[in-house]
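Residues per chain, in single letters:
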Protein chains: 2
Amino acid sequence: MDASLFTVQPAGPEPIYRQIVEQLRRLIAGGQLGAGDALPSVREVAGFHVINPMTVSRAYSLAEAEGLLERLRGKGMVVASTSRSSQSEASRLAMLEPSLQALVRQSRELELPAERVLRRLTTLLEDEP
Amino acid sequence: MDASLFTVQPAGPEPIYRQIVEQLRRLIAGGQLGAGDALPSVREVAGFHVINPMTVSRAYSLAEAEGLLERLRGKGMVVASTSRSSQSEASRLAMLEPSLQALVRQSRELELPAERVLRRLTTLLEDEP
DNA sequence: CTATCTGTATTGTTGTATTAATACACATGG
DNA sequence: CCATGTGTATTAATACAACAATACAGATAG
């Protein structure tokens, strides 16, 4: 399947298993993953990103405990039917709040004018994916 | 002194000592800390944030190895004279790039319109410090 | 039935982050 | 001199993250 669904930074400070769970939360909230959609297998993700299968399994297990995923024994993981995809824009914006506040703090430490930061972000956002 | 110079999140995924080093980099690049300025003592920062003095010491040592700080034996740490404060705006904006790109990635995962993100960031940036 | 795919449980090892409790070398004010 | 303030080295303990290597249980296609 599509093991490139996830972006993983093994060198980053954020634990890999948590990176995956957080991306799952956003992809489901945003509607790119809908109820019933199958996820790439543990071994597939691990092989693609050259990480340990158990690390992926841990992420999936946490996502299941959180109600994001459902485990179909012998088959694999799918997005849970109770997982409401396509949440309201306001609710999705709230999920971005921590990153926004971190950005504001760093901008102030760097004494960067708001306009400069906003213009750079505009450019990055408008570049095609 | 001003042990509140730093913002520390002991519960965060980012190691405390690295949080401190990164803030030092930005505060110096932005000019809020200039060459020769004295830093709050290890025990002061540790007491204020209720963390271990050795963790702060580790941050200061790394900052010294990086050329940001100078150690005055028996006195304390000061911003290094070779530490060029007030770097160019472009150079400071470059230090913000990783956080900006992380924000863009998360916005796309959440399927949030660029305008919504920009407007929220504008509000946060224009709120008084 | 068999091979192959799922996720997972288990055990052990490695590296790192943090805390704790001392102890030391150096500088400074009284 | 002495008390007090610097930063730091040391040792031990704890916790966590990731890896490695197996092995198992269930589903499914042939």
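Here's a quick rundown of the structure. On a predicted model such as this, the values are computed, not experimentally measured, just so you know. (Residues numbered from 1 in each chain as written. Chains lettered and ligands numbered in written order. Predicted model: local features only at pLDDT ≥ 70, side-chain atom pairs only at ≥ 80, totals over all residues. Heavy atoms only, no water.)

## Observations regarding the layout of surface pockets
Size it by volume and the largest pocket reaches roughly 1,600 Å³. A:E14, A:A102, B:E14, B:S99 and B:A102 are, among the 36 residues lining the largest pocket, the residues nearest its centre. If you list the elements that add at least two residues to the lining of the largest pocket, you get α1 (16-30) and α4 (89-109) of chain A together with α1 (16-29) and α4 (89-109) of chain B. When grouped by side-chain class, the residues that make up the lining of the largest pocket number ten nonpolar, 16 polar and ten charged. (1 Å grid on protein atoms, 1.4 Å probe; cavity = no way out; pocket = protein on both sides within 12 Å on 5 of 7 lines; lining within 4 Å. Points joined across faces, edges and corners; volume = space filled by probe spheres on them. Helix = DSSP H or I, 4+ residues; strand = E, 2+ residues; numbered from the N terminus. Nonpolar A, V, L, I, M, F, W, Y, C, P; charged D, E, K, R; others polar.)

## Description of the pattern of salt bridges
Under the criterion given, the structure shown has 14 salt bridges over all chains. In this structure, A:R71 engages A:E64 in a salt bridge whose closest nitrogen and oxygen atoms are separated by 3.8 Å. Given the relative accessible area of 30%, A:E64 is considered partly exposed. For A:E89, the salt bridge is made with B:R116, and the minimal N-O distance between the two is 2.8 Å. (Salt bridge = Lys/Arg side-chain N within 4 Å of Asp/Glu carboxyl O. Buried < 20%, exposed > 50% of the residue type's maximum accessible area, 1.4 Å probe, protein only.)

## Quick word on the packing of α1(A) against helix α3 (residues 53-65) of chain A
Residues and elements named next belong to chain A. Where α1 meets α3, the closest approach of the two axes is 8 Å, and the angle between their N-to-C directions is 45°. What the angle tells us is that α1 and α3 run oblique. Considering how the two elements wind past one another, α1 and α3 form a crossing that is right-handed. Packed against α1, whose contacting residues are I16, Y17, I20, V21 and L24, the element α3 presents T55, R58, A59, Y60, L62 and A63 at the interface. (Axes fitted to C-alpha atoms, helices over the stretch in contact; angles between N-to-C directions. Parallel < 35°, antiparallel > 145°, perpendicular 65-115°, else oblique. Left-handed = near helix turned anticlockwise from the far one by under 90°. Contact = heavy atoms within 4.5 Å.)

## Considering the protein's contact with DNA strand D
By nearness alone, 23 residues border DNA strand D, and A:I16, A:Y17, A:N52, A:R73 and B:K75 come closest of all. Atoms of DNA strand D within 4 Å of the protein belong to the sugar or the phosphate in 68% of instances, the rest to bases. Measuring from a base nitrogen of DNA strand D, one finds a backbone N or O atom of A:G74 at 3.3 Å. Take B:S57: an N or O atom from its side chain is 3.1 Å from a phosphate oxygen of DNA strand D. Elements represented by at least two residues in the surface near DNA strand D include exactly α1 and α3 of chain A together with α2 (42-49), α3 (53-65) and β2 (76-79) of chain B. The residue makeup of the surface near DNA strand D, split by class, is eight nonpolar, eight polar and seven charged. (Near = heavy atom within 4 Å. Polar contact = N/O pair within 3.5 Å; in protein donor to acceptor, adjacent residues only side chain to side chain.)

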